[in-house]
Amino acid sequence: MTRTDGPRIAYLARAFGAALLGTILIATLVSLILPRDTSQGTADDAATPSLTGLLVIWPIVSTVVIWAVLAGVKRMTPTYWHAAGASALVFFALFTFGAGVQTGLIFVWPYFLYSLTFLAWQLKSDMDAFIMTGLLQSAVMSLPALIISSQG
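All values derive from a computational prediction rather than experimental measurement.

### As for the overall build of the protein chain
Move 1: Secondary structure summary: the protein chain contains five helices and zero strands in total.
Move 2: Along the chain direction, N to C, the helices and strands of the protein chain fall in the order α-α-α-α-α.
Move 3: Relative to its length of 152 residues, the protein chain is compact, with a C-alpha radius of gyration of 16 Å against a globular reference of 15 Å.
Move 4: Burial analysis of the protein chain (152 residues in total) assigns 34% to the buried set.
Move 5: Long-range pairs, those at least 24 residues apart, make up 70% of the contacts in the protein chain between residues at least 6 apart in sequence.
Move 6: Counting every atom, the protein chain has about 8800 Å² of accessible surface; 72% of that belongs to carbon and sulfur.
Move 7: Averaging the positions of the 7 positive and the 6 negative side-chain charges in the protein chain gives two centres separated by 15 Å.

Here you go:
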């Protein structure tokens, strides 16, 4: 995920596949090992996010937060791999605090890959880092967006 010398679409396809497969695997394991606590309420009460929110706004906001987190952790870690890992742990903590351990565990892998993508493309330019990380997040969020839009 650190090689940025090939076609951008090929990079996004590899990163998308890694993020999707890893997330599905982790979600399956988490659901088997840590069953959802029924006292947390149901998702039926939550508002359905818009497609624009999932595919445009969330990736932009998330990429800005990734940039801010990485700006801090890069100073404390010896390599980009360590920085991406530290960033993923920060997001694990944020998602765990906001939505529970299951959610934190499910999001730790894609945020590791998003952080690694940002760092790899930042070597070319900050704009490349923002664009490629945002596009990757939009691609990953396209599956939940399709599921949500088909149910509404």
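### Topic: the nonpolar core
Move 1: By size, the foremost hydrophobic cluster in this structure holds 26 residues, and its most contacted members are Ile66 and Leu70.
Move 2: Residue assignment for this core shows that the elements contributing at least two residues are helix H1 (8-33), helix H2 (51-73), helix H3 (80-99), helix H4 (101-122) and helix H5 (126-151).
Move 3: A total of nine residues in this core trace back to one element, the largest contributor, which is H4.
Move 4: In this structure leucine 70 touches Ala83, Ser87, Ser115, Phe118 and Leu119, once residues within four positions along its chain are discounted.

### Brief notes about H5
One turn of the α-helix equals 3.6 residues, which is why residues spaced by three or four share an orientation.
Move 1: With 26 residues, H5 should cover 38 Å at 1.5 Å per step; its first-to-last C-alpha distance of 37 Å lies within 8% of that length.
Move 2: The sharpest bend along H5 comes to roughly 35°, located at serine 142, with the proline proline 144 sitting one to four residues further on.
Move 3: In this structure, the buried residues of H5 make contact with H1, H2 and H4.

### So, the pattern of salt bridges
Move 1: With the rule as written, the count across this model stands at two salt bridges.
Move 2: Put simply, arginine 3 and aspartate 5 hold a salt bridge, and the shortest N to O gap is 2.5 Å.
Move 3: We classify aspartate 5 as exposed; its relative accessible area is 58%.

### A look at the packing of aromatic side chains
Move 1: Taken as a whole, this structure holds eleven aromatic pairs when the rule is applied.
Move 2: Centroid distance tryptophan 67 to phenylalanine 130: 6.3 Å. Interplanar angle 45°. Geometry classified as tilted. In this pair, tryptophan 67 sits in helix H2 while phenylalanine 130 sits in helix H5, placing the two residues 63 residues apart along the sequence.
Move 3: Under the relative-accessibility criterion, tryptophan 67 is labelled partly exposed at 39%.
Move 4: For phenylalanine 130, a relative accessible area of 28% gives the class partly exposed.
Move 5: Residues phenylalanine 95 and tyrosine 111 carry aromatic rings whose centres are separated by 5.4 Å and whose planes lie at 50° to one another, so their mutual orientation is tilted.

### Digging into the side chain of serine 87
Move 1: Here serine 87 shows up in helix H3.
Move 2: When residues no more than four places from it in sequence are discounted, the contact partners of serine 87 are Val69, Leu70, Val73 and Ser115.

Parameters and conventions
- Numbers given for residues are sequential positions, taken from 1 along each chain in its written order.
- Where local features are concerned, this predicted model is filtered to residues with pLDDT of at least 70; where side-chain atom pairs are given and counted, the filter is 80 or more; whole-chain, interface and lining totals use all residues.
- By convention in this description, side-chain values take in all heavy atoms of the structure and omit both hydrogens and water.
- Segments assigned H or I by DSSP are reported as helices when at least four residues long, segments assigned E as strands when at least two residues long, and all are numbered from the N terminus.
- For the radius of gyration, the atoms used are the C-alpha atoms, and the globule rule reads 2.2 Å times the number of residues raised to 0.38.
- Burial classification: accessible surface area is computed with a 1.4 Å probe over protein chains only, and a residue below 20% of its type maximum counts as buried, one above 50% as exposed, and the rest as partly exposed.
- Throughout, a contact is declared for two residues whenever any of their heavy atoms are within 4.5 Å.
- Each accessible area value is a Shrake-Rupley result obtained with a 1.4 Å probe; residue values ignore everything except the protein chains displayed when judging cover.
- Charge counting follows a simple rule: Lys and Arg are positive, Asp and Glu are negative, and His as well as the terminal groups are ignored.
- For the purpose of locating charges, the reference atoms are NZ of Lys, CZ of Arg, CG of Asp and CD of Glu.
- Residues belong to a common nonpolar core when they are buried Ala, Val, Leu, Ile, Met, Phe, Trp, Tyr or Cys residues joined through side-chain atoms within 4.5 Å.
- To estimate the expected span of a helix, count its residues, drop one, and scale the result by 1.5 Å.
- In this scheme, the bend at a residue equals the angle between the axes fitted to the seven residues that finish there and the seven that begin there.
- Salt bridges are identified by distance alone: a Lys or Arg side-chain nitrogen within 4 Å of an Asp or Glu carboxyl oxygen.
- The aromatic pairing rule takes the rings of Phe, Tyr and Trp, using the six-membered ring of Trp, and pairs them if the centres are within 6.5 Å, calling planes under 30 degrees apart stacked, those over 60 edge-to-face and the rest tilted.

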